[in-house]
Amino acid sequence: FALLKNTRMLKAVQKNATKGDPESVISAIDYYCRHKEWAMNVGDEKGLILDSVLTEVNPSTALELGTYCGYSTVRIARLLSPGSKLITVEFNPAFAAVARQIIAYAGLQDKVTLVEGPSGDLIPKMKARFGIKSFDFVFLDHWKDRYVPDTKLLEDCGLVSEGSVLLADNVICPGAPEYLKYVRNSPRYESRYYKSNLEYTKVEDGLEKSVFLG
Ligand SMILES: O=C(NCCCCCn1ccnc1)c1cc(-c2ccc(F)cc2)cc(O)c1O
Ligand SMILES: [Mg+2]
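Just so you know, these numbers come straight off a predicted model, no measurement behind them.

Visitor: Which parts of the structure should I look at to understand the site of ligand 1?
Guide: Ligand 1 sits among 16 residues. The nearest are Asp141, Lys144, Asp169, Asn170 and Glu199. Aspartate 141 is positioned such that a nitrogen or oxygen atom in its side chain is 2.8 Å from an oxygen atom of ligand 1. A distance of 2.7 Å separates an oxygen atom of ligand 1 from a polar side-chain atom of asparagine 170. Calculation on ligand 1 without its partners gives an accessible area of 630 Å², and the protein chains cover 77% of this total.

The structure is reproduced here in structure tokens:
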């Protein structure tokens, strides 16, 4: 049933959004998830925080861990400067299939590379495969117990450098307590919590922004 939900979301985008217009794709998904079926997109409220952090960083290379249906992928890619690139990683092929179509519908496919597979295997291959020096911005929104191991992996692979910004979704709900401990206790990060709500609900959640100090 959950997989069918994603195709229903795609249908809602194709029906209600304008092809090539990212804002209308974002609105169509938010409307669908608020009024028809809840889904685990970062959503409109936390999305505004994502937008503001992204605009501040203005990354030339960005990484997203956890594509899902591509909602935050579209939010990020629509704000990238010309020539900037976003790599997004999704483990679930059914999610990835829907995301590709939603990203294409928004007209952002030239800015986005969607890679399918386990983040733990893909991260060490990023430099070789994509010629990435390091990521200026990383959005963590995948399995919450992968936030710490994948952050350590990014450090060990030299994929974050001084000034790189990590932004993590769901640090309260479902929660990523080990991650909060890691970035808040590490002398290598300057961390800040942005209080918000779980997408489309009144439940508390928030985003943690952590600047890598090198
Ligand atoms: O689990 C989440 N995301 C990961 C999905 C799978 C990632 C697969 N993958 C991709 C790449 N590598 C692995 C998530 C969950 C919730 C939530 C909150 C409350 C509730 F009652 C139920 C669910 C809210 C979110 O905002 C989330 O992001
Ligand atoms: Mg999330």
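Visitor: I would appreciate a short explanation of the coordination of the magnesium ion (ligand 2) in the present structure.
Guide: Reference values for coordination geometry: four tetrahedral donors around a metal ideally subtend 109.5 degrees, six octahedral donors ideally subtend 90 or 180 degrees. Protein-derived ligands of the magnesium ion (ligand 2) are Asp141 (OD), Asp169 (OD) and Asn170 (OD1), with the metal-ligand distances lying across 2.0 to 2.2 Å. Expressed as a motif, the donor residue spacing for the magnesium ion (ligand 2) is D-x27-D-N. Placement of the pair is aspartate 141 in the loop between β4 (135-140) and α8 (147-156) and asparagine 170 in the loop between β5 (160-168) and α9 (171-175), with a sequence separation of 29 residues. In this structure, aspartate 141 and asparagine 170 share a single accessibility class: buried.

Visitor: Can you help me understand unusual backbone geometry in this one?
Guide: Here the bond from cysteine 173 into proline 174 is cis, since omega is 5 degrees, no more than 30 degrees from zero. Mapped onto the elements, proline 174 comes out in helix α9. For tyrosine 200, which is not glycine, the phi dihedral falls at a positive 65 degrees. For tyrosine 200, a relative accessible area of 12% corresponds to the buried category.

Visitor: When you look at the pairing of β5 in this model, what are you seeing that I'm missing?
Guide: It is a general feature of regular strands that their side chains alternate between the two faces of the sheet. Across five bridges, the pairing between β4 and β5 is parallel. Along β5, the bridge assignment pairs phenylalanine 135 with valine 160. Viewed along the sheet, the connection from β4 through α8 into β5 turns out right-handed. As paired elements, β5 and strand β7 (residues 204-212) share four bridges and run antiparallel to each other. Within β7, the residue paired with valine 165 across the bridge is valine 211.

Visitor: Would you mind showing me how to read helix α3 (residues 43-57) here?
Guide: Helical periodicity: at 3.6 residues per turn, an α-helix aligns residues three or four positions apart in one direction. Between its terminal C-alpha atoms α3 stretches 20 Å, which fits the 21 Å expected from 15 residues at 1.5 Å a residue. Turning to α3, its buried residues are Gly43, Lys46, Gly47, Ile49, Leu50, Asp51, Val53 and Leu54. Backbone geometry just downstream of α3 places asparagine 58 in the positive-phi region, at approximately 45 degrees.

Visitor: Can you walk me through the packing of α8 against helix α10 (residues 177-185) in this structure?
Guide: When two helices pack together, you describe them by how their axes are tilted relative to each other and by the distance separating the axes. For the pair α8 and α10, the least separation of the axes is 8 Å and the interaxial angle reads 35 degrees. Where α8 abuts α10, its residues Tyr147, Val148, Thr151, Lys152 and Glu155 lie against Glu178, Tyr179 and Tyr182. Looking at the contact of α8 with α10, its residues break down into four nonpolar, one polar and three charged.

Visitor: Got a minute to help me understand the side chain of aspartate 30 in this structure?
Guide: By secondary structure assignment, the location of aspartate 30 is in helix α2 (residues 22-35). Buried charge aspartate 30 goes without a salt bridge, the closest partner of opposite sign being arginine 75 at 4.2 Å. Beyond its immediate sequence surroundings of up to four residues, aspartate 30 is in contact with Gly43, Asp44, Tyr71, Arg75 and Tyr200.

Visitor: So what exactly am I meant to see when it comes to the sheet that holds β4 here?
Guide: Through backbone hydrogen bonds, the strands of a sheet pair up, either in parallel or in antiparallel fashion. Strand order in this open sheet of seven strands is β3-β2-β1-β4-β5-β7-β6, and the pairing throughout is mixed. Of all strands in the sheet, those with a lone pairing partner are β3 (112-116) and β6 (189-197), marking the two edges. Adjacent strand axes in the sheet meet at a mean angle of 15 degrees, parallel and antiparallel pairs treated alike. Where strand β2 (residues 85-90) lies against β3, five bridges are found, and the strand directions are parallel. Of the residues in β3, the one forming a bridge with glutamate 90 is glutamate 116. Its contacts with the sheet place helix α5 (residues 93-105) against β2 and β3, and it is angled at close to 170 degrees to β3.

Visitor: Help me understand the environment of alanine 168, please; the structure alone is not making it clear to me.
Guide: Structurally, alanine 168 is set in strand β5. With a relative accessible area of 0%, alanine 168 lands in the buried category. The spacing of alanine 168 and serine 210 is 42 residues in sequence and 8.4 Å in space, taken between C-alpha atoms. Setting aside residues no more than four positions away along its own chain, alanine 168 makes contact with Leu140, Tyr147, Tyr179, Gly206, Leu207 and Glu208.

Conventions adopted
Residues numbered from 1 in each chain as written. Chains lettered and ligands numbered in written order. Predicted model: local features only at pLDDT ≥ 70, side-chain atom pairs only at ≥ 80, totals over all residues. Heavy atoms only, no water. Near = heavy atom within 4 Å. Polar contact = N/O pair within 3.5 Å; in protein donor to acceptor, adjacent residues only side chain to side chain. Areas by Shrake-Rupley, 256 points an atom, 1.4 Å probe, with all protein chains shown as cover. Donors = N, O, S within 2.8 Å, 3.2 Å for Na, K, Ca; no water. Helix = DSSP H or I, 4+ residues; strand = E, 2+ residues; numbered from the N terminus. Buried < 20%, exposed > 50% of the residue type's maximum accessible area, 1.4 Å probe, protein only. Pairing = 2+ DSSP bridges. Right-handed = clockwise from strand over helix to strand, strands pointing away. Expected span 1.5 Å × (residues − 1). Axes fitted to C-alpha atoms, helices over the stretch in contact; angles between N-to-C directions. Contact = heavy atoms within 4.5 Å. Nonpolar A, V, L, I, M, F, W, Y, C, P; charged D, E, K, R; others polar. Lys, Arg positive; Asp, Glu negative; His and termini not counted. Salt bridge = Lys/Arg side-chain N within 4 Å of Asp/Glu carboxyl O.

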